[in-house]
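Spelled out, the chains give:
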Amino acid sequence: MPIQSRNNLRNLAIIAHVDHGKTTLVDAMLHQAGLFRANEQVAERVLDSNDLEREKGITILAKNTAINWAGTTINIVDTPGHADFGGEVQRVLKMVDGCLLLVDASEGPLPQTRYVLSNALVAGLSPIVVINKIDRPDARLGEVEDEVLDLFLDLDASEDQCNFPIIYTIAKTGTATLDPHVAGTDLRPLFQMIIEHVPPPTYTENHPLQLQITTLDYSDYLGRIGIGRVSNGVLNVGDTILMTGGNGGHKAKITKLYSYSGLKRIDIDRAQQGDIVAIAGIEGIQLGWTLTDPDDPRPLPELHIDEPSLEMVFSVNTSPFAGREGKYVTSRQLRDRLFKEIQGNPSLRVEETDSKDSFKVLGRGELQFAILLEQMRREGYEVAVGKPKVLTHLDENGKLLEPWEQLILDCPEEYIGTITQTMGFRKGRMLRMVNHSSGWVRLEFEVPMRGLIGLRSQLLVETRGTAIINHIFLDWREHAGEIPHRKTGALVADRMGKSTSYALQNLQERGQMFVGPTVEVYSGMVVGENSRSDNMWVNPTKEKKLTNMRASGSDDNYMLHPPRILTLETALEFIAEDELVEVTPESLRIRKRWLSEDAMRKAEKKAAV
């Protein structure tokens, strides 16, 4: 059968490292394509519709939008820039024929760029390199272009892929130019390059329907929504299709069909080859399943998604303060929320445990878990989580394997010795050191994933907040042996009450405090980090005694150091095996699994037997 193409359609993905300006560039493309009225109020970074995405400045969920330029529809897929959300990336690339690789004019390609680009090249996509932020005073265009080419060669790109076109942009001002020495006026050169260099979708004439579900969404009104690209055939509202995948399949009727226009989904009656569409109203629609003709079924190959490499146990909150701040506190509510999450997020898995109150969640990285927990606490859930554990498995020769990561660090020159020493303790091996002659160096390591747990907060302290840290999964390798986690112990409250300035002034000599005065604490709650390696049970509620000479409140002149405020990510990195992070809508607390010193000693004796 002859191969046809749709010349009035282009499907492309945008690839970039975190904070290189990808979502800002899409903003400018939407505005210049005339999708918003002149008086319409539009937020910045419109594709970052999730509150967490706006706050953290990262893309978490892949999203679709569409613009029309000179009679050609351009479907744009905004991909996550972080490898922890790689499950999203691998799927959405199935929907496109080309990609925009966005690279910072100063920083050059970084690890997340490498991760998404490697998937795009394997998928055979045609790349366009966009060098953004060319107005930066430290821009180094020639070097960055060479680094991009080296990256393509390193990833075994084909000859055609290595002959990529380059365009220079300033996403903030919405300008693009083919010559970096000539200022651009708008994004016309970029639109023109997309139409010229991204191939139109192709299909086989008279071929039966093939549409693979590559993304799932959920609506309280429509239920589960499947999103995919029509590879072959035509899909109409009212058609009966066969949905195949996994171990079975069943027939269903198409009742709702949507396409994209700007940021909105619009009702359509018919989808043609190459269209990216959303389908609602099909019971049991699954990721990776193919919608095909029931009279001539031709399912597409199943999707490949990276295996999880970390696990965490999510449990019901059992602290003395449980139920004070959250709406959803029972094991049934926790279970329902976790299993709802995996309906639209296949890179996570949830497994039952021996306890009815605990569930094992498997994923790709600490950031992915932190995002899930942050979403849950904003929805009103209370949950207690343990230390993230790296998954291991045995190879065919019985050797224990664990995941290894490539780590790239940018830091001032004076911290090279500190960083190499820290990485040595964590079994890291230096691959490369590049000095940009600007006072900053780039260090590349390969390190076991276990060595990354707690690394970010430690390096930020050791480099006074200057280190820029990025990492990406490499492969499974032989277990590297024991890695020390935390050299310090914890200061643990031995009773319930409110912390006092009098008590904290004495305790701060023992280590770094996590709480300030007048904070409610309970027995077993970690109130600080001990400067020594052992745990110390302390009384943070102690008050100054009355005497016949002075009142308890007189002479109050306490010199308290500000407490260290733990974020969700730093709390997960900090905790030891016998500790939990208590996550509620209003608070983050670290606690011991056993809430009294006696119970803790009994558990330690039992474990030693």
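Residues numbered from 1 in each chain as written. Predicted model: local features only at pLDDT ≥ 70, side-chain atom pairs only at ≥ 80, totals over all residues. Heavy atoms only, no water.

Points about helix α9 (residues 366–378)
Here is step 1 of the chain: Taking 1.5 Å per residue, 13 residues should reach 18 Å; α9 reaches 18 Å between its end C-alpha atoms and fits that length.
Here is step 2 of the chain: Backbone geometry just after α9 places G380 at a positive phi near 105°. (Helix = DSSP H or I, 4+ residues; strand = E, 2+ residues; numbered from the N terminus. Expected span 1.5 Å × (residues − 1).)

Let's talk about the pairing of strand β28 (residues 440–448)
Here is step 1 of the chain: The buried fraction of β28 amounts to 8 of the 9 residues, a majority that puts the element mostly inside the structure.
Here is step 2 of the chain: Where strand β26 (residues 400–412) meets β28, 9 bridges bridge the pair, whose relative direction is antiparallel. Across the sheet, W404 pairs through a bridge with P448, a residue of β28.
Here is step 3 of the chain: Bridge analysis of strand β27 (residues 429–435) against β28 gives 6 bridges, and the strand direction is antiparallel. If you follow V434 over to β28, its bridge partner there is R442. (Buried < 20%, exposed > 50% of the residue type's maximum accessible area, 1.4 Å probe, protein only. Pairing = 2+ DSSP bridges.)

Here we look at the environment of L242
Here is step 1 of the chain: Within the secondary structure, L242 sits in strand β13 (residues 240–245).
Here is step 2 of the chain: In the structure, L242 is positioned 48 residues away from T290 in sequence and 8.0 Å away in space, judged by C-alpha atoms.
Here is step 3 of the chain: With residues near it in sequence (within four places) discarded, L242 still touches H250, K251, T290, L291, T292, P294 and P297. (Contact = heavy atoms within 4.5 Å.)

A short note on the packing of helix α1 (residues 22–32) against helix α7 (residues 188–197)
Packed helix pairs are specified by the crossing angle of their axes together with the interaxial distance, meaning the distance between the axes.
Here is step 1 of the chain: Packing of α1 against α7 leaves a shortest axis separation of 11 Å and a crossing angle of 95°. The orientation of α1 with respect to α7, classified from their angle, is roughly perpendicular. Here α1 contributes L25, M29 and Q32 to the contact with α7, which in turn contributes L190, F191 and I194.
Here is step 2 of the chain: Of the residues that constitute the contact of α1 with α7, the class distribution is 5 nonpolar, 1 polar and no charged. (Axes fitted to C-alpha atoms, helices over the stretch in contact; angles between N-to-C directions. Parallel < 35°, antiparallel > 145°, perpendicular 65-115°, else oblique. Nonpolar A, V, L, I, M, F, W, Y, C, P; charged D, E, K, R; others polar.)

What to know about unusual backbone geometry
Here is step 1 of the chain: In this structure, K133 is a non-glycine residue whose phi angle is positive, near 60°.
Here is step 2 of the chain: Turning to its location among the elements, K133 is positioned in the loop between β6 (126–132) and α5 (141–154).
Here is step 3 of the chain: Of note in this structure, N206 is not a glycine but carries a positive phi near 65°.
Here is step 4 of the chain: Structurally, N206 can be placed in the loop between β9 (202–204) and β10 (210–219).

Comments concerning the confidence of the model for the chain
Here is step 1 of the chain: Overall, the prediction assigns the chain a mean pLDDT of 81, with 87% of residues at 70 or greater.
Here is step 2 of the chain: The secondary structure element of the chain with the lowest average pLDDT is helix α2 (residues 51–56), at 43, and the one with the highest is strand β23 (residues 383–385), at 93.
Here is step 3 of the chain: Long-range and interchain partners of residues 36–62, a stretch whose pLDDT sits below 50, account for 75 contacts in this model, where long-range means more than four residues apart. (pLDDT = per-residue confidence, 0-100.)

Some details on the nonpolar core
Nonpolar side chains tend toward joint burial in soluble globular proteins.
Here is step 1 of the chain: If you look at the biggest cluster of nonpolar residues, it comprises 38 residues, and the most contacted ones within it are L101, I131, V148 and F152.
Here is step 2 of the chain: Top contributing element to this core by residue count: α5, with 5 residues.
Here is step 3 of the chain: Listed in part, the 36 residues of the second largest apolar core include L348, V350, A370 and M600. (Core = buried A, V, L, I, M, F, W, Y, C linked by side-chain atoms within 4.5 Å.)

Section: the packing of aromatic side chains
The way to describe two aromatic rings as a pair is by their centre distance and the angle between their planes.
Here is step 1 of the chain: Throughout the structure, instances matching the rule amount to 5 aromatic pairs.
Here is step 2 of the chain: Arranged with centres 5.0 Å apart and planes meeting at 85°, the rings of F321 and Y522 form a pair that is edge-to-face. Taken as a pair, F321 in the loop between β20 (310–315) and α8 (331–344) and Y522 in the loop between β33 (520–521) and β34 (525–530) lie far apart in primary sequence, 201 residues in all. Of the two residues, F321 and Y522, both sit in the buried class.
Here is step 3 of the chain: With a centroid separation of 4.6 Å and 35° between ring planes, the pair formed by Y328 and Y381 is classed as tilted. (Phe/Tyr/Trp six-rings, centres within 6.5 Å; stacked < 30°, edge-to-face > 60°.)

Considerations on the environment of S158
Here is step 1 of the chain: Residue position: S158 is located in the loop between α5 and α6 (159–162).
Here is step 2 of the chain: Overall, S158 belongs to the partly exposed group, its relative accessible area being 35%.
Here is step 3 of the chain: Separated by 34 residues in the primary sequence, S158 and G124 have C-alpha atoms spaced 8.6 Å apart.

Let's talk about the environment of R432
Here is step 1 of the chain: Looking at the element boundaries, R432 is found in strand β27.
Here is step 2 of the chain: Between the alpha carbons of R432 and E446 there is a distance of 10.0 Å; along the sequence they are 14 residues apart.
Here is step 3 of the chain: If we skip the residues at most four places from it in the chain, R432 touches R442, L443 and E444.

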